[in-house]
Amino acid sequence: MDGYYPKSCAVLREAVAGRYPHAEALTDTIDGLVEPYLQACYILWMLRELQTFRGKRMAAKRGRWLGYAQARAEALGLITNAANRAATRQDVKFRQE
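Reading the values: the criteria
- Residues numbered from 1 in each chain as written.
- Predicted model: local features only at pLDDT ≥ 70, side-chain atom pairs only at ≥ 80, totals over all residues.
- Heavy atoms only, no water.
- pLDDT = per-residue confidence, 0-100.
- Helix = DSSP H or I, 4+ residues; strand = E, 2+ residues; numbered from the N terminus.
- Core = buried A, V, L, I, M, F, W, Y, C linked by side-chain atoms within 4.5 Å.
- Buried < 20%, exposed > 50% of the residue type's maximum accessible area, 1.4 Å probe, protein only.
- Contact = heavy atoms within 4.5 Å.
- Axes fitted to C-alpha atoms, helices over the stretch in contact; angles between N-to-C directions.
- Parallel < 35°, antiparallel > 145°, perpendicular 65-115°, else oblique.
- Left-handed = near helix turned anticlockwise from the far one by under 90°.
- Nonpolar A, V, L, I, M, F, W, Y, C, P; charged D, E, K, R; others polar.
- Phe/Tyr/Trp six-rings, centres within 6.5 Å; stacked < 30°, edge-to-face > 60°.

> Break down the confidence of the model for the protein chain for me, citing the residues and quoting the values.
Regions with low pLDDT carry predicted coordinates that are not meant to be interpreted in detail. Averaged over the protein chain, the pLDDT score is 92; the fraction of residues at 70 or greater is 95%. When mean pLDDT is taken per element in the protein chain, helix H1 (residues 6–19) scores highest with 97 and helix H4 (residues 81–96) scores lowest with 88.

> How would you summarise the nonpolar core if you had to cite specific residues and measurements?
By size, the foremost hydrophobic cluster in this structure holds 27 residues, and its most contacted members are Leu-12, Val-16, Ile-43, Leu-47, Leu-50 and Leu-78. Those elements that place two or more of their residues in this core are H1, helix H2 (36–50) and helix H3 (59–75). For this core, the element with the highest residue contribution is H2, accounting for 9 residues. Leaving out residues up to four positions away in the same chain, Leu-78 has contacts with Ala-15, Val-16, Arg-19, Tyr-20, Ala-40, Ile-43 and Ala-73.

> A description of unusual backbone geometry should follow, citing residues and the corresponding values.
With a phi angle near 50°, Tyr-5 is a residue other than glycine that sits in the positive phi range. Looking at the secondary structure, you find Tyr-5 in the segment before H1. A residue is classified by how much of its surface remains accessible, and Tyr-5, at 24% relative accessible area, is partly exposed.

> Tell me what's going on with the packing of H2 against H3, and back it up with residues and numbers.
With their axes 10 Å apart at the nearest point, H2 and H3 run at an angle of 160° to one another. Judged by the angle between their axes, H2 and H3 are roughly antiparallel. In terms of crossing hand, the pair formed by H2 and H3 is left-handed. Taken together, the residues of H3 that come into contact with H2 (itself represented by Gln-39, Tyr-42, Ile-43, Trp-45, Met-46, Leu-47, Glu-49 and Leu-50) are Arg-62, Trp-65, Leu-66, Tyr-68, Ala-69, Arg-72 and Ala-73. A class-by-class count of the residues in the contact of H2 with H3 yields 11 nonpolar, 1 polar and 3 charged.

> I'd love a proper account of the packing of aromatic side chains, names of residues and values included.
We describe a pair of aromatic rings using the distance from one ring centre to the other and the angle between the two ring planes. Inspection of the entire model under this criterion finds 5 aromatic pairs. With centroids separated by 6.5 Å and ring planes inclined at 90°, the aromatic side chains of Tyr-42 and Tyr-68 adopt a geometry described as edge-to-face. Placement of the pair is Tyr-42 in helix H2 and Tyr-68 in helix H3, with a sequence separation of 26 residues. Residue Tyr-68 is classed as partly exposed on the basis of its relative accessible area, which comes to 32%. Relative to Trp-65, the ring of Trp-45 lies with its centre 5.6 Å away and its plane at 40°, an arrangement referred to as tilted.

Listed below in structure tokens is the structure:
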């Protein structure tokens, strides 16, 4: 389980796997990626990398990266905004407990 945004990250990974079952975290740049499959791989890479941003000082960066990954997944039609919001609510509730 992820340490940061566990539900949101899991939901996004499931959304990517639903469309691209063989996708892997393969790339560290979005520049020039027009193929939806490669963009999905970039989302997976971002989700993996945001787990390495440790400490309170990195909280805003983790949030920005998650937001970007969520928006990109929505733009690709992998997930709905409602599903992203529901997962984020669960993460926020989890952190408050």
